[in-house]
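Here's the letter readout for the chains.
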Amino acid sequence: MNRAEQTDSPILRMEGVSKRYGGVRALASADLIVFAGRIHAVLGENGAGKSTLIKILAGVVTPDAGRVLLDGAEVAFDSPAAANRAGIVCIFQELSLVPDLSVADNIAISNPPRRFGMIDRRAQRRLAEDALERAGAPDIHPMALVKDLPLSRRQMVEIAKALARKPRVLILDEATSALTAADVAKVFVVLKRLRQEGLALLFISHRMHEIAELADECTVFRNGANVATYAAGTKTDNEVVEMMIGREYSHVFPPKPAARATAAAPLLEVRNLSWADRLRDISFTAEAGEVVGLGGLDGQGQRELLLALFGVLRGVSGEIRIAGVPASPSSPHAAKAKRIGMALIPEDRKTEGLMLPMSVRENLSFAALPRVSTGGVIDSAREHALVAEMIDLLDIHVAGTDAPAGSLSGGNQQKVVIAKWLMAEPRIILLNDPTRGIDVGTKQEIYRLLRRLADQGAAIVFYTTDYDELIGCCDRALVLYDGAVRRVLRGAEITERALIASALNIGAETPVAAGEGSRP
Amino acid sequence: MSEGTQTRLAGAFLRRVDPPVAIAFGCVIAMLLLGSLYSRSFLSPEYLLQQLKVASFLGVIATGTMIVILLGQIDLSIPWVVAVGGMMSTAATGWGPVGEAMAIPFGVACGIALGLVNGFGVAYLRIPSMIITLAVNAVAQGLMVVHTGGFSPQDSSSPAMRALATGEVVFGLPNALIVWGVVGAGAIFLLNRTTFGRAVYGIGNRERAAYLSGIDTQRVVLIAFALAGGLSAFGGVLLAGYASKAAQAMGDAYLLPAIAAVVLGGASILGGRGNYLGTVAGVILITLLQSILSVVQMPEAGRQITYGVVIIAMLLLYGRESLAR
Amino acid sequence: MSDWRYRLGQNRGTLLAFAFFIVMFAIYVSNHPAGFSANVVQTAANKGVLLALVAMAQTFVVLTAGIDLSVGMVFVLTNCLASWIVVGTGLTATAGVAGVLLTGLACGAINGLIVIYGRLQPIVATIATGAVFFGFALLLRPVPGGDVYGPLADALTGRVFGVLPASLVALGAVVLVVWIPYSRSAVGRAAYAIGSSETAAYMSGVPVGAAKFCAYLLSGLAAALGGLFLTFVTYSGEASAAIGNTYTLFSIAAVVLGGVSLFGGSGSAIGAIFGALMFRTIGDLLFVFNLDPLWQPLFQGLVLLAAVCVGSARLFQVRNRLELFP
C-alpha cells in the first residue's frame, strides 16, 4: 500500500466548534484535524455529535462557536453550495438525489455545462459518464430516472455525483450502508485510488471491518467532543467501544433457556413465501417462546420478509399459518386482529412508528384503541391507566404523558413504539432493526424485554444488522442471502464466523433442506 | 427552575390555549371594537346574534371542511354539494307529504353519497383529493343543471327547513345557531373523544405510521369525506331554508371562506393539527369581516381586496412554516 | 436500454395527452356539420388557446409541488386592464401590451414573495391573493366594457395563410420562446428538482428560493398572455368571478389530463396544453352529437372523473403499499 506523502499542515482543521439545538448540546468545543491523502474515520454512538460535525463542514448548519480552517484560512459556509465551491463535498446517509430527474441531471445538478443559456445535454451526459466511470459504476445509464434505480445503484450515483465536483475533501456519512457487498468492494478501490491522488477523506461508519480496511487514522467522539485520535489498528475493538461509551463495556445479554420440545403447532409457520424477485421460497417456523433472528447483509430481503408477514406487500405467494390455522394478512389492520395477533416494530421510528407532534399518551394507545374505548368512544381513565402501566413496564423517561413524542430521546422513542405494540397484546412480534441508533443502556433493556416476552409465550422474529445481537439474543438465526434462507444456525452454532460466512455465501454449507427452517 | 422545566411548563400552558385560537378570537374582538367606532350598533346584541346566525351556515359547512383538512386532504366539491343539498331538499319537499317530511334527511343523504365518491377515490384509488373533489364538483354541477333545466330552481323549502334556518325557539336564540352548536359539539366530541377522531389526527400527522399501527386508514378517510359531504349538503339545506328556496350556484360563495376559516383557526393545511374552537373563531371572523365590509358600504372591489389582505396578514402572523436550519 | 426507451418513458404523460387529444379532435371534426373546415378549427383553436395559456401558467407552479388558485383571477384582471390600455394607435397598443404583461409578472411576483419569503402554503396564499386580484379587476371594470386595438386582435384571432389559426401559431411561439428555453435551463430544471424533492434539491446546492420565484413569475406572465388573448377574442373586459374560478379549476383539470403530476417534479407544459385542448374539445363533442346542451356540464364532469380515476389510479402498479404513503 503506497501512502501518499503526508504534508505537515492539515488541509482541514476544526477548533472549538460548538452547536446547540434548543436544550440539547450536539457539539461541545470539538476539534478535528484532517490531512490530505489520508482516510480519517470518525466513530461514536448516535448522539455523539458526528452527524452535526459533518453537517457543519458540509455547510448544512452553522456552528454557534469555534472555527473551521481550510488550508489554514478560516471559512464559514452558509449553504451546501458554498461548501461545494470550496472543495468540500459530502455524501449523506439520506441521499440527496432528486428522484424524478435522470442520473445525468442529478450528477450535474448544481452547475451544469451550458450553451446559449440552456443546459448542454450532450456535454452533461459525457460528464456523467465520466463520473460514473470514476465511481466504478459504468453500467448505470445516464438517462435512467433515479427513482427507477435500486437503492445500492442510487448510492453509487450519489458517489459519482460527489466525485464530479472534483472535491478536495470528501466526507462520507455511513455511505456504504445501502450498498451490496460487491459494490462496497468497488467503492473501496475507488476510495483508495482517490487517497493516492491526494484527496482527504473523512468517513463515519459503524462497521469495524470497513474501518480496519480503509482508515489511516481514527477519531472517537463522545458527548459532542473529541475524546481520542489514534492511528488505525493500534486499538482493539473493545477499547474502541469503551471509548465510545465511556465506561467499561460488556455485552450483557439475558440467558437463553434450553431448547424445549413442544408438541403444539408452531405459533408462526411460513412455507414457500415468495414476493416479486426479492423473496424466494422462504420457509421457516417460530415457536411460542422462541426468539428467531434474521441475519445476513443489508438488503437481502429481511425487511421485505417482515413486511410480507405483516400484510404490507401485495402479490405475496406462499402459505402462512398462525398456530396451525392458515392466515393471510392483507393489511396491518388485519395482521393486528386478535385472530392473528401480529405486531411490527418498524424500521424508522420517526416516520413509521410515531406521530411526533402528538402526545406520548396518544402515540402509546394508538395501536390498541379498542382496548381503551367502548363503542368507539375513548375511556380516558382506562387510557391513562394502561399508558401508565406501559411507561412503568418499559421504564420510559418522560416528563408527562402529554409531552409530544418528538421531545423524547431516541431510546425512549423506540420504547414508546414497542410499548404501543405491547398494549395491543400481540402473540407474534416482528422487529425491524429495533436497536439502530439507540444508546447502549436502552439496548440492553430491550434485549431483556424481548427475552421476557418470549418467556411469556410470544414468538419473536427480529432483523438486526448487529452480529452480537444475533448471537446473544436469538435461539435460532436465519441467514438470508438474495431473498432466500441460506443457512439456519441453532443455539451454539450462532457464531460471528458462521454468520459472516453464510451472509457472504461462502464456507462449508449444505443447501437448506426442507424442514431445516423449523425446530426439530 | 431549569431551562428544561421552564420550557415544559410554557409548553403545557400553550397547549391549553392554542396561540392561533387566541389570536383569532382576539381579532374578532378587535374587529368588533373597530366597527363600534363607526357605529355603536356593532356591539348590540341584535347585531351580534344576527351575525352568529349568518355564521352558522358557514360554520356547519366549515365543520366538514375541517375534518378533511385535518386528514391532510382538501374538499373542493363544497360549492355544488351545498347546491345539491339545497336543491334536492327543496325538490323532495315538492314530492308530497312523505317527501316533505324527509326533505332534510334526503338532502343530507345526497351530500353523503357525493362525499362517499370523494372518499372512495382518495382512500381506495389514491387519487389526490384536490382533483377528485374537483371532478365530483363538476359532476354535481352537471346533475343539478340537468335537474333544474338550466333555470333557477322553483321548488320551495319545507316548513321544517325554514324553521331550522330562520326560527327562534329558545330564549330568542336563532335556531340556526343552535343547530351549529349541536353540530359543533358533535364535532368536538368526535375529534377529541373517539377513536375515529384520534385516527384522523394520526393520519393527518403521519399516514404511514397510522397505517403501520394497524389503523384501517381507508375506512377513516372514506367516512371523513362522507361526513364532509353530508355537512356541506346540510349547510345547503339550511341556506335553502333561510331563503325559502334554492338558487343556482348557491354554494360558490362558501368554498374559499370555509377553507380560510379553518386555516385562520390555526389548523395546518397539511393536516394533523387543529382545534375546532379555532374553526369557530375563524368562521366568526370571516362572517364579521364580510358583514363589516358591507355595512360600511364598501364596494365589492374593496371588499375583495380587504378580504384577501386580511387573510394573508393573519396567516403571516401564525401560519408560517418553520425554517429548518 | 436504448436512449429512445428512456426518452419515451420520461415524456409518457405528454405523449398520451397528445394522442387522446388527436382522437377527440378527430371525432369532433368528423361529426361537425361543417366538417373539417378552417372556420371550425379556428373557433375551436381560439377557445382552446385561452385555457391552454392558463393551464401553462398553472404548470409552472405545479411543477414545484405548489398550486396556484389565483391564475384565473390574474387572467380576469389582465383582461380588464387590457380592455383599458391596449387601445389607440399601434404604438400605444404595444405599450399597453407591455403594461399588461408587466402586471401579470407583478401578480406572479406577489404570489412568489408570499409563498417563499412569507413561507405560507401556496394553496391558502393564492386563495387570498386571488381575491385581491379580483378586487382590482372589479375596480377596473365594475361593469363589462372597454375596447381593444382592432388590427392586433383580428390578426391574432384570425388565420394565417388563410388556413392555420393564428392563435395556434401564437401559442406555438409562446411555447418556443418561453417554455422550451425555461425547461431546458438550469432554473427550469431546478423547479423540477424542487417539486420532486425539495430537501434533496437544497442539499445539492440548488437555489430553491430563486427557482420558485421564477416559476411564480412565469405563471403570472402566462396568465397575463391568456387575459390579453381573451380581450382580443371578446373585444372587452369583464370582471367575472365565475370566469375566474372556472378557469382556475379547469386549469388544474387540464394540467392533470396533460400528465403533469400534482405532487410536482414531472410533466410538461406542452402536455398541459394538450390537456386543455382535450378538455375543451370534450365539451364541444356534445354539441356536435346534437345532444341537449343542458347535458354538457354533466358530460364534462363525468369525463373528467373517469379520466382522473384512470390516470391517477396508482394503486394497481404498487407492490409495496408503503410506497403509497410518502
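Residues numbered from 1 in each chain as written. Chains lettered and ligands numbered in written order. Predicted model: local features only at pLDDT ≥ 70, side-chain atom pairs only at ≥ 80, totals over all residues.

S.K.: Can you help me understand the overall build of chain B in this one?
M.R.: On a plain count of helices and strands, chain B comes out with 14 helices and two strands. Principal axes of the C-alpha set define a box for chain B whose edges measure 70 × 55 × 40 Å. Across the 325 residues that make up chain B, the buried fraction comes to 58%. Counted over contacts in chain B with a minimum sequence separation of 6, partners at least 24 positions apart contribute 78%. (Helix = DSSP H or I, 4+ residues; strand = E, 2+ residues; numbered from the N terminus. Buried ≥ 20, exposed ≤ 12 C-beta atoms within 10 Å, placed from the backbone. Contact = placed C-beta atoms within 7 Å.)

S.K.: Can you walk me through the interface of chain B and chain A in this structure?
M.R.: Note: interface size is frequently given as the accessible area lost on complex formation between the parts. At the junction of the two partners, chain B supplies 26 residues and chain A supplies 25 residues. Elements with a minimum of two residues in the side of chain B that touches chain A: helix H1 (3–16) and helix H10 (195–212) of chain B. Examining the composition of the side of chain B that touches chain A, we find that eleven residues originate from one element, H10(B), more than from any other.

S.K.: I keep staring at the interface of chain B and chain C and nothing clicks. Help me out?
M.R.: Counting from both sides, the interface comprises 43 residues of chain B and, opposite them, 42 residues of chain C. Elements with a contribution of two residues or more to the side of chain B that touches chain C: helix H7 (129–148), H10, helix H12 (255–264) and helix H14 (300–318) of chain B. Among the elements that line the side of chain B that touches chain C, the one with the most residues is H7(B), at 13 residues. Grouping the amino acids of the side of chain B that touches chain C by side-chain chemistry returns 28 nonpolar, nine polar and six charged. (Nonpolar A, V, L, I, M, F, W, Y, C, P; charged D, E, K, R; others polar.)

S.K.: Would you take a moment to explain the sheet that holds strand S23 (residues 476–481) of chain A for this structure?
M.R.: The strands that make up a sheet are held in pairs by hydrogen bonds between backbone atoms, and each pair lies either parallel or antiparallel. All names here are of chain A. The strand order across the open sheet formed by six strands is S18-S21-S22-S15-S23-S24, and the pairing between neighbours is mixed. Two strands close off the open sheet at either side, each with one partner strand: strand S18 (342–345) and strand S24 (484–490). Adjacent strand axes in the sheet meet at a mean angle of 20 degrees when their direction is disregarded. Direction of pairing for strand S15 (residues 291–295) relative to strand S22 (residues 459–463): parallel, over a ladder of four bridges. Following the sheet pairing, Gly293 is matched in S22 by Phe462. The strands that helix H17 (residues 496–503) touches are S15, S23 and S24; relative to S23, the one it contacts most, it runs at about 25 degrees. (Pairing = 2+ DSSP bridges. Axes fitted to C-alpha atoms, helices over the stretch in contact; angles between N-to-C directions.)

S.K.: Teacher, can you tell me more about the nonpolar core here?
M.R.: Nonpolar side chains in soluble globular proteins tend to be buried together. If you look at the biggest cluster of nonpolar residues, it comprises 392 residues, and the most contacted ones within it are A:Ala160, A:Ile171, A:Leu430, B:Val84, B:Val200 and C:Ala137. With sequence-adjacent residues up to four places away left out, C:Ala137 is seen in contact with C:Met73, C:Val76, C:Leu77, C:Cys80 and C:Ala239. (Core = buried A, V, L, I, M, F, W, Y, C linked by C-beta atoms within 7 Å.)

S.K.: Just checking my understanding: could you explain unusual backbone geometry for this structure?
M.R.: For residues that are not glycine, phi is negative in most cases, and the peptide bond is trans in most cases. Located in the positive-phi region is A:Ser29, a residue other than glycine, with phi close to 50 degrees. Turning to its location among the elements, A:Ser29 is positioned in strand S2 (residues 24–34). Backbone geometry places C:Tyr235, a non-glycine residue, at a positive phi of 60 degrees. By secondary structure assignment, the location of C:Tyr235 is in the loop between helix H11 (208–234) and helix H12 (241–257).

S.K.: Is there a simple way to think about the packing of helix H6 (residues 103–123) of chain B against helix H11 (residues 217–243) of chain B in this case?
M.R.: Two quantities define a packed helix pair, namely the angle between the helix axes and the distance between the axes. Residue and element names in this part refer to chain B. Interhelical geometry of H6 versus H11 gives an angle of 145 degrees and a closest axis separation of 6 Å. As for how H6 packs across H11, the hand of that crossing is right-handed. A breakdown of the residues in the contact of H6 with H11 according to their chemical character gives 19 nonpolar, ten polar and no charged. (Left-handed = near helix turned anticlockwise from the far one by under 90°.)

S.K.: Would you take a moment to explain the environment of C:Val40 for this structure?
M.R.: All names here are of chain C. Note that Val40 resides in helix H3 (residues 38–62). Each C-alpha atom of the pair Val40 and Tyr28 lies 10.0 Å from the other, and the pair is twelve residues apart in sequence. If near-sequence neighbours (up to four positions away) are discounted, Val40 is found in contact with Val29, His32 and Ala34.

S.K.: Is there a simple way to think about the sheet that holds strand S6 (residues 88–91) of chain A in this case?
M.R.: All names here are of chain A. The six strands lie next to each other as S6-S9-S10-S3-S11-S12, forming an open sheet whose pairing is mixed. Here the strands that pair on one side only, and so sit at the sheet edges, are S6 and strand S12 (225–231). Pairs of neighbouring strands in the sheet enclose a mean axial angle of 20 degrees, with direction left out of account. Bridge count between strand S11 (residues 217–222) and S12: six bridges; the pairing is antiparallel. Bridge pairing in S12 links Val220 to Ala228.

S.K.: Even after reading the chapter, I still don't get the environment of B:Ile29, so can you show me in this structure?
M.R.: All names here are of chain B. Mapped onto the elements of the fold, Ile29 is located in helix H2 (residues 19–38). Classification of Ile29 by C-beta neighbours within 10 Å gives exposed; the count is 9. Separated by 256 residues in the primary sequence, Ile29 and Leu285 have C-alpha atoms spaced 9.1 Å apart.

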